[in-house]
Amino acid sequence: MASYHLYGALIALVCVLCYHNSLNCGFVFDDISAIKENRDLRPHSSIKNVFLNDFWGTPMHKEQSHKSYRPLCVLTFRWNYLLHGLEPAGYHLVNVLLHTIVSLMYFRMCAMLLSEMASFAAALLFAVHPIHTEAVTGVVGRAETLSSVFFLAAFIFYTKATRRKKSTGWRYLCLSMLFVATAMLCKEQGITITGVCAIYEIFVAQKIRLGDIYHLARSMASGGGKSLALPTGWWPHEASRRLVVLCVTTVALLFARLQIMGSQLPVFTRFDNPASVAATPVRQLSYNYLVSVNLWLLLFPCDLCCDWTMGTVPLVESFTDPRNLSTLGAYTIIGVLAWVAFIENHRQKTAVVVMGLAFMILPFLPASNLFFPVGFVIAERVLYMPSMGFCLLVAYGVHILSECWSRKLTWCCLGFLLLTHSIKTYTRNADWESEYSIFMSGLKVNQRNAKLFNNVGHALESEGSFEEALQFFHKAVSVQEDDVGAHINVGRTYNHLKMFKEAELAYLKAKSLLPKAKPGESYQARIAPNHLNVFLNLANLISKNATRLEEADLLYRQAISMRSDYTQAYINRGDILIKLNRTKEAQEVYERALLYDSANPDIYYNLGVVFLEQGKASQALAYLDKALEFDPEHEQALLNSAILLQELGRPELRKIARERLLKLLAKDEANERVHFNLGMLAMDDRNTDEAESWFRRAVHLKQDFRSALFNLALLLADDHRPLEAAPFLNQLVKYHPDHIKGLILLGDIYINNIKDLDAAENCYKRILQLDPINIQGLHNLCVVYVERGKLVQAQACLAHAHQLAPGEDYIGRHLQIVQTRIARLRQSPDGGREKEVAFAEYDPREFGGSAALLAAAAVDNIDFQPLVQQQRTVNSKDQEPAEMDATGTSALSNDNNMKTSLPHEQQHDSSSGGGGPANNPATRPGRIQQLRPASSTKVSDGGHHHPHHHLHHQHPPAPIGQDLDDPSSGMS
């Protein structure tokens, strides 16, 4: 007994010595999804979510769920988080302790079949085997170690229930079944212990041999089942009862598991498991070949890799593939061992070989792909339980060898094996220290897996080594050309490098590689969660085109439907809805996003924008200030809250607004929008010189800055410097040829100051091409006709304008003036050239008129009043450097030259200008009508996104995620 405790202490010491350096490792690979990104671990998350969601935090009912239901394991992670948050050492310490407990329990289990020394050897080999590093050093491997504790407990208690041949230890049997259920709630493989217990019952407890089963079968066949008489005591009734309990428990647990899964198997992509989508017989040949690969890893754990997916193991595509010999060899070894077990007369040898095979084969079956596909090709951690049978067989082989050969030499060889395995395990632990180290170690043994190149690139990207990262991403694309994640990685890195055109092409390529839904069928092809980034990145790119906003909205909705807690998709979709003037929907989208992320300043900012669009300025300002509470440096909230404060008109609030704008300017002197709005503040303070200076700086920083160009030109024109304003207006219409207000002002300057009627006429005709019912543009074109002396054409033009806008009195007055001049000219006996020009034929289509106008003008004999000149009136409010509504009135004076009116525009820059009252609804006073919300470019894009924001808004980067491939492993 003393030696037994000594052996136990040595086993525990060896476990600690081999794995103590794992405490220095961080969270890597699958740990990111299962620990760092899993909301179910957080204390504020309801405990019931642990029992409703899968191992990775996805609701079990969702198609994207891996159906890996391990709530007890997640509970231990939650307890770790409660004690020390995301400090990795605590998680690794629990894993080492669990491995130590499993090794001690395994020693106890082996002692039931082997001698004490052989059991000690088996337990030591199990404790130090390098194949276990993924299960012990990788935090998510706790599912294996924790399940193994209850797996072995269920077996040990079952053996106690079978000690008496004529009675059952029901207390032990009930505890055994409880531990079976517990093991299964830690990991799915746990249920296979019922099969192990059944084999123990038949071949060890009842000592049934293959020959006995053979003779029973012959007896049943020869007697037709009528004269069947079993030897007395050959099969006790208690054994049948225990087997019935095992069967009922297994069926009940499987049924419950299917109910939890929703009677659906998880769906994996071909990247996870290429053989799963291969045709017959390639699929079967490949899956059976994997049996030999796993056996080889147990025999020679030299080339270990954290990821065996994608192209790591090429498919076995024909019967002539030489790798089929490995498959035959593996099955031959297993078959020989099984045959020896059943023909051997030595009962201990039979028991050891049978139980060794049971422990090695049955726990492996759920992950073997032989019965249903799983989310990986090979996963080293799933060999944790099967290695129990392997170590048992090796230890027994050593025991036999020591009796047949040199005992000393045999144990020396075993000691050397244990030493080399211990060193390999210790050094392998260091590979799990960081993402870079673990993935680089994988590339040393595996150059066919694109995911490894992707993740090395990501590790470099997180350190800012973008050029080097891009090389790994391109290598991933070359290894696996249809890898969606690799193309997204390439696009994201191009964004970091400011190569936006190349980034767009990469995103489009990634999207084209996504699985296509089939019409009339459920969308069964699972997309890895981080592949959803392509929808956001592509949507942000195409949303720059105003004609494709609905298409962008569709992409965002598709992303949200695939992952309901995708906060960044909500943020970006709200931006699109505001551009589409669907502000109520945008508000609902943002409020829903707050359910998932209540401390996100972008969401509060966007809600502020929504309320602003709805005309609720006070609520808008409250939300903008709330955003600043969470992030005092939030650029958009600073900018737009400053503008709102300015609009309130109080000097003390304008001071706060100026402080916020200057704070932004200190952070980024090249922000043209800040310069522009400082100019707006200066205009409020009636400091036109300072305003002009700010506007000029804004235009200098951004030559096509629409609002700055127009308002600077308007300021100069109002300051009686129209010739200085003209170049800025020409620059405006060069970059924005659809800017109607700019064209109206430029036409006015051409007529009144430059005296270029041709240029003015071109301006107004351009306006009518953009907006055929723009009243002010139409009226001013009529004025050009008057200036040219084409009175009949001017009369038809004004008649058309009056027909479109009968409520505009000034058009009616001007029409009467022209009609008076025509009547007077007709009564005049001379006039020659003047009459020829005045009554010249014209095409009414030049100003959008019809042939009826030409006929009406030909018979018009109304008496006319003297023509008076239209004066250009600009009050002080009109001088504010912002764009006004295109409607306006004209004063007339006694002059033979009718002149155009300066467009009196409200302080709002529309995308295409406004027409008269017939088509330009009144806008609310203020300078912030065109605010747009902040949207995040990406998960991973580096840079800022600037959609069609004409005044004073820019979008912040808000990362969505980092890994590009789904790190989870399904039912591993």
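Residues numbered from 1 in each chain as written. Predicted model: local features only at pLDDT ≥ 70, side-chain atom pairs only at ≥ 80, totals over all residues. Heavy atoms only, no water.

Draft legend 1. Spotlight on the overall build of the chain. Check the secondary structure of the chain and you find 41 helices and 2 strands. Considering only intrachain contacts with a sequence separation of at least 6, the fraction spanning at least 24 residues in the chain is 69%. As displayed, the chain offers around 40,200 Å² of accessible surface, 58% of which is attributable to carbon and sulfur atoms. (Helix = DSSP H or I, 4+ residues; strand = E, 2+ residues; numbered from the N terminus. Contact = heavy atoms within 4.5 Å. Areas by Shrake-Rupley, 256 points an atom, 1.4 Å probe, with all protein chains shown as cover.)

Draft legend 2. Region of interest: the packing of aromatic side chains. One pass over the structure, following the stated rule, counts 23 aromatic pairs. Aromatic pair Tyr-604 and Tyr-623: ring centres 6.4 Å apart, planes at 25°, arrangement stacked. A residue pair is termed long-range when its members are at least 10 positions apart, and Tyr-604 in helix α27 (residues 601-613) and Tyr-623 in helix α28 (residues 617-630) qualify at 19 residues. Their ring planes at 15° and their centres at 5.3 Å tell us that Phe-611 and Tyr-623 sit as a pair that is stacked. Remark: Tyr-623 occurs in helix α28 and Phe-611 occurs in helix α27; sequence separation between them is 12 residues. On the basis of relative accessible area, Phe-611 is assigned to the buried category, the value being 5%. Residue class for Tyr-623 comes out partly exposed when judged on its relative accessible area of 25%. By the ring-pair criterion, three or more aromatic residues cluster together here, those being Tyr-4, Tyr-7, Phe-107 and Phe-120. Over the aromatic face of Trp-694 sits the side chain of Arg-697, whose NZ or CZ is 4.5 Å from the ring centroid. (Phe/Tyr/Trp six-rings, centres within 6.5 Å; stacked < 30°, edge-to-face > 60°. Buried < 20%, exposed > 50% of the residue type's maximum accessible area, 1.4 Å probe, protein only. Lys NZ or Arg CZ within 6 Å of the ring centre and 35° of its normal.)

Draft legend 3. Here's a closer look at the state of the cysteines. Tallied over the entire structure, the rule returns 1 disulfide. Between Cys-782 and Cys-797 runs a disulfide, and the two sulfur atoms are separated by 2.0 Å. Note on the Cys-782 and Cys-797 pair: the S-S dihedral is about -80°, so by sign convention the disulfide is left-handed. Of this pair, Cys-782 sits in helix α37 (residues 775-788) while Cys-797 is found in helix α38 (residues 791-804), placing the two residues 15 residues apart along the sequence. Judged by its relative accessible area of 1%, Cys-782 falls in the buried class. With a relative accessible area of 0%, Cys-797 lands in the buried category. As a non-bridged cysteine, Cys-412 has Cys-413 as the owner of its nearest cysteine sulfur, 7.0 Å distant. (Disulfide = S-S within 2.5 Å.)

Draft legend 4. Structural view of the environment of Glu-724. Checked against the element boundaries, Glu-724 lands in helix α34 (residues 722-735). A relative accessible area of 36% places Glu-724 in the partly exposed class. For Glu-724 and Ala-713, which are 11 residues apart along the polypeptide, the C-alpha to C-alpha distance reads 7.7 Å. Once residues lying within four places of it in the same chain are set aside, the contact partners of Glu-724 are Arg-696 and Leu-716.

Draft legend 5. Focus on the side chain of Gln-206. In this structure, Gln-206 sits in the loop between α10 (193-205) and α11 (210-222). The exposure class of Gln-206 is buried, given its relative accessible area of 7%. For Gln-206, the contacting residues outside a window of four places in its chain are Lys-165, Glu-201, Trp-235, Pro-236, Ala-239 and Arg-242.

Draft legend 6. Main features of the packing of helix α5 (residues 88-110) against helix α6 (residues 116-128). For the pair α5 and α6, the least separation of the axes is 8 Å and the interaxial angle reads 155°. Judged by the inter-axis angle, α5 sits roughly antiparallel to α6. Of the two possible hands of crossing, α5 and α6 adopt the one that is right-handed. Residues His-99, Val-102, Ser-103, Tyr-106, Phe-107 and Cys-110 of α5 pack against Glu-116, Ser-119, Phe-120, Ala-122, Ala-123, Phe-126 and Ala-127 of α6. (Axes fitted to C-alpha atoms, helices over the stretch in contact; angles between N-to-C directions. Parallel < 35°, antiparallel > 145°, perpendicular 65-115°, else oblique. Left-handed = near helix turned anticlockwise from the far one by under 90°.)

Draft legend 7. Local environment of the environment of Cys-413. You can see Cys-413 is positioned in helix α17 (residues 407-431). Through-space distance from the C-alpha of Cys-413 to that of Val-398 is 9.3 Å; in sequence the pair is 15 residues apart.

Draft legend 8. How the structure looks around the packing of helix α19 (residues 450-462) against helix α20 (residues 466-479). With their axes 8 Å apart at the nearest point, α19 and α20 run at an angle of 170° to one another. Here α20 runs roughly antiparallel to α19, going by the angle between their axes. Between α19 and α20, the residues in contact are Ala-450, Phe-453, Asn-454, Val-456, Gly-457, His-458, Leu-460 and Glu-461 and Phe-466, Glu-468, Ala-469, Phe-472, Phe-473, Lys-475, Ala-476 and Val-479, respectively. For the contact of α19 with α20, a count of residues per class yields 10 nonpolar, 3 polar and 3 charged. (Nonpolar A, V, L, I, M, F, W, Y, C, P; charged D, E, K, R; others polar.)

Draft legend 9. Here's a closer look at the nonpolar core. Judged by nonpolar contacts, the single largest core of 262 residues is most densely connected at Tyr-106, Leu-152, Phe-155, Ile-193, Met-355, Phe-359 and Phe-847. Not counting residues within four places of it along the chain, the set of residues in contact with Phe-155 comprises Met-109, Met-112, Ile-193, Val-196, Cys-197, Tyr-200, Met-355 and Phe-359. Membership of the second largest hydrophobic core comes to 5 residues, among which are Ala-367, Val-374, Phe-376 and Val-382. (Core = buried A, V, L, I, M, F, W, Y, C linked by side-chain atoms within 4.5 Å.)

Draft legend 10. Fine view of unusual backbone geometry. Residues Thr-280 and Pro-281 are joined by a peptide bond in cis, for which omega reads 5°. Position of Pro-281 relative to the elements: it lies in the loop between α12 (237-261) and α13 (282-299). One non-glycine residue, Lys-498, lies in the positive phi region at around 65°. The residue Lys-498 is located in the loop between α21 (484-496) and α22 (500-512) in this model. At Asn-581, a position not held by glycine, the phi torsion is positive, near 65°. As for its placement among the helices and strands, Asn-581 is situated in the loop between α25 (567-579) and α26 (583-596). With relative accessibility at 63%, the residue Asn-581 sits in the exposed group.

Draft legend 11. Seen up close, the side chain of His-779. With respect to the helices and strands, the residue His-779 is situated in helix α37. Within the local environment of His-779, its side chain forms a polar contact with the side chain of Asn-780, the two groups lying 3.0 Å apart. (Polar contact = N/O pair within 3.5 Å; in protein donor to acceptor, adjacent residues only side chain to side chain.)

Draft legend 12. Fine view of the pattern of salt bridges. If you walk through the whole model with that rule in mind, you get 40 salt bridges. Arg-241 is the partner of Glu-238 in a salt bridge, and the nearest nitrogen-oxygen pair spans 2.8 Å. Here the residue Glu-238 and the residue Arg-241 both occupy positions in helix α12, the gap between them amounting to 3 residues, near one helical turn. Here Glu-238 falls in the buried class, since its relative accessible area comes to 12%. The exposure class of Arg-241 is partly exposed, given its relative accessible area of 47%. Linking Asp-685 and Arg-654 is a salt bridge whose minimum nitrogen-to-oxygen distance equals 3.1 Å. Remark: Arg-654 occurs in helix α30 (residues 651-667) and Asp-685 occurs in the loop between α31 (672-684) and α32 (688-701); sequence separation between them is 31 residues. According to the relative accessible area criterion, Asp-685 is partly exposed, its value standing at 46%. (Salt bridge = Lys/Arg side-chain N within 4 Å of Asp/Glu carboxyl O.)

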